[in-house]
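The residues making up each chain are set out below.
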Amino acid sequence: MSRDGRSRTRTYAAGALALLAFATACGDNGDGGGAAPAATKTTAAASPPSGGAAPTAAATTPGAAPAEGDAAAWAKWNLKPLAPAPAPPADKPIKLERTGTVPVISDVKTSDKVVFITIDDGAEKDPKFVEMLTDLKVPITMFLTKDIVKNDYGYFKPLQALGNHIQNHTVTHPVMSKLPADKQKAEICDDQAALTQQYGTAPLLFRPPFGDGANTPMLNTSVQQCGPRAIVLWRESMQIHDMQYQAADKKLKPGDIILAHFRGPKELKGATMTQMFADLLARIQEQGFSVARLDDYIQAPAS
Ligand SMILES: [Zn+2]
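Every value quoted in this text rests on a predicted model; they were computed, and no experiment measured them.

The rules behind each value
- Along every chain, residues carry numbers that run from 1 in the direction the sequence is written.
- Note on the predicted model: pLDDT of at least 70 is required for a residue's local features to be given, and 80 or more for side-chain atom pairs to be given and counted; whole-chain, interface and lining totals, by contrast, use all residues.
- Hydrogens and water are ignored here; the side-chain numbers use all heavy atoms of the structure.
- When two cysteine sulfur atoms lie within 2.5 Å, the pair is treated as a disulfide.
- Runs of H or I in DSSP of at least four residues are treated as helices and runs of E of at least two as strands, each being numbered from the N terminus.
- Between buried and exposed lies partly exposed: a residue is buried under 20% and exposed over 50% of the maximum accessible area for its type, with that area taken using a 1.4 Å probe on protein chains only.
- For the purposes of this section, nonpolar cores are sets of buried Ala, Val, Leu, Ile, Met, Phe, Trp, Tyr and Cys residues that join through side-chain atoms within 4.5 Å.
- Note on definitions: a residue-residue contact is assigned when non-hydrogen atoms from the two residues lie within 4.5 Å.
- Only the contacting stretch of a helix is used when fitting its axis, a line to C-alpha atoms as for every element, and angles between N-to-C directions run 0 to 180 degrees.
- It is the rotation of the near helix from the far one that decides the hand of a crossing: anticlockwise by less than a right angle makes it left-handed, clockwise makes it right-handed.
- Gly is placed with the polar residues, together with every amino acid not listed as nonpolar (Ala, Val, Leu, Ile, Met, Phe, Trp, Tyr, Cys and Pro) or charged (Asp, Glu, Lys and Arg).
- Any two of the Phe, Tyr and Trp rings considered here, Trp counted by its six-membered ring, make a pair once their centres fall within 6.5 Å; the pair's planes then place it as stacked at under 30 degrees, edge-to-face at over 60, or tilted in between.
- Two limits define a charge over a ring: the Lys NZ or Arg CZ must be within 6 Å of the ring centre, and within 35 degrees of the ring normal.

Enquirer: Quick question: what am I supposed to make of the state of the cysteines here?
Expert: When the sulfur atoms of two cysteines share a covalent bond, that bond is a disulfide. In total, this model carries 1 disulfide according to the counting rule given. One disulfide bridge connects C189 with C226, the sulfur atoms lying 2.0 Å from each other. Judged by the torsion about the S-S bond (-90°), the C189/C226 disulfide is left-handed. With C189 in helix α7 (residues 181-199) and C226 in helix α8 (residues 217-226), this residue pair connects regions lying 37 residues apart in the sequence. The class for C226 is buried, based on a relative accessible area of 11%.

Enquirer: Would you take a moment to explain the nonpolar core for this structure?
Expert: For soluble globular proteins, nonpolar side chains are generally found buried alongside one another. In terms of nonpolar packing, the biggest core is built from 44 residues, with I117, F129, F156, F262, F277 and L281 touching the most fellow members. Residue assignment for this core shows that the elements contributing at least two residues are β3 (114-121), α4 (127-136), β4 (140-144), α7, β9 (243-245), β10 (257-261) and α9 (273-286). Looking at which element gives the most residues to this core, the answer is α9, with 7 residues. Contacts of F156, omitting those with residues within four sequence positions, involve G122, K125, M142, L144, V149, I166, Y199 and F262. Counting residues in hydrophobic clusters, the runner-up holds 29 residues, among them I188, C226, V232 and L294.

Enquirer: Where do I start with the packing of α7 against α8 in this structure?
Expert: In a pair of packed helices, the angle between the axes and the distance between the axes together describe the arrangement. At a minimum axis separation of 9 Å, α7 and α8 run at an interaxial angle of 35°. Remark: the crossing between α7 and α8 carries right-handed chirality. Between α7 and α8, the contacting residues are A181, Q184, K185, I188, C189 and Q192 on the first element and M218, L219, S222, V223, Q225 and C226 on the second. Among the residues forming the contact of α7 with α8, the class breakdown is 7 nonpolar, 4 polar and 1 charged.

Enquirer: Help me understand the packing of aromatic side chains in this model?
Expert: The geometry of an aromatic ring pair is captured by two quantities: the separation of the ring centres and the angle between the planes. The full count for this structure, using the stated rule, is 7 aromatic pairs. With a centroid separation of 5.0 Å and an interplanar angle of 70°, the aromatic rings of F116 and Y297 are classed as edge-to-face. Here F116 is found in strand β3, whereas its partner Y297 is found in the loop between β11 (290-291) and β12 (298-299), with 181 residues between them in sequence. Look at Y155 and F262: their rings are 6.5 Å apart centre to centre, the planes differ by 85°, and that puts the pair in the edge-to-face class. Of this pair, Y155 sits in the loop between α5 (146-149) and α6 (157-161) while F262 sits in the loop between β10 and α9, and the two are 107 residues apart along the sequence. You'll find Y155 and F262 in the same group, each marked buried. Taken together through their ring pairs, the aromatic side chains of F129, Y155, F156, F262 and F277 make up a single cluster. The ring centre of F143 lies 4.4 Å from the NZ or CZ of R207, which sits over that ring.

Below you can see the structure in the form of structure tokens.
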């Protein structure tokens, strides 16, 4: 994928035909949003559960959420259980400081065969995805954009209750390098305030839309002024059925951070959020990885 911020800027501007595009075409993929691979294959893993096809072999208490690794819970979503993540490292590979320049990270240094899933923006609010994560308990990190989630902050609360943290992704999803410092600061600080108020905890991480400006001193300063203590990018970007890889060998590496989005059929060529996520898990599983919680590899600053 392109890591060229100017390219992203140009394609995004060209694609922003209407305000509608704001909520639906805010891809961070650097491919202009409309250039997702036109994959038409469907996989078994992509079939949503049908209402009447609940597995009968479940050994869990009726009504209780199945435990992680519970084959019946995974079978409900036409998936095989993902290998559980190893115990979190006692010595965190990433240690954040309370002040000063914030690090920019795209992966985590670890030999554990784990990857981290991040899901951005917040446009699609599919109740089935909440059901899926409640069943599977796959850890995610959410980077939410105020103007995209403010019509339904509540949607993300059950996802948060599963232990998934909510992080900062600006108020309006702009191209940050095009903004002066005061506007950058408003974008980050106002999202920080809204998310802190809504979800009761201040975001520790920030992701600039499109990854734009991540390595500029101005954006680093703006982030520092608003509270987040790291800028988080990614190594792979989930599309509809497969990932775009930055690495030439198109393989996951231990500690990679994967970008996905809250997207629905309009953005996914008819596929649903849960179908996209099932395919993401299948791609991770077939490469022999499990999914770990990003927070378990990051040491927060001493308060
Ligand atoms: Zn985004």
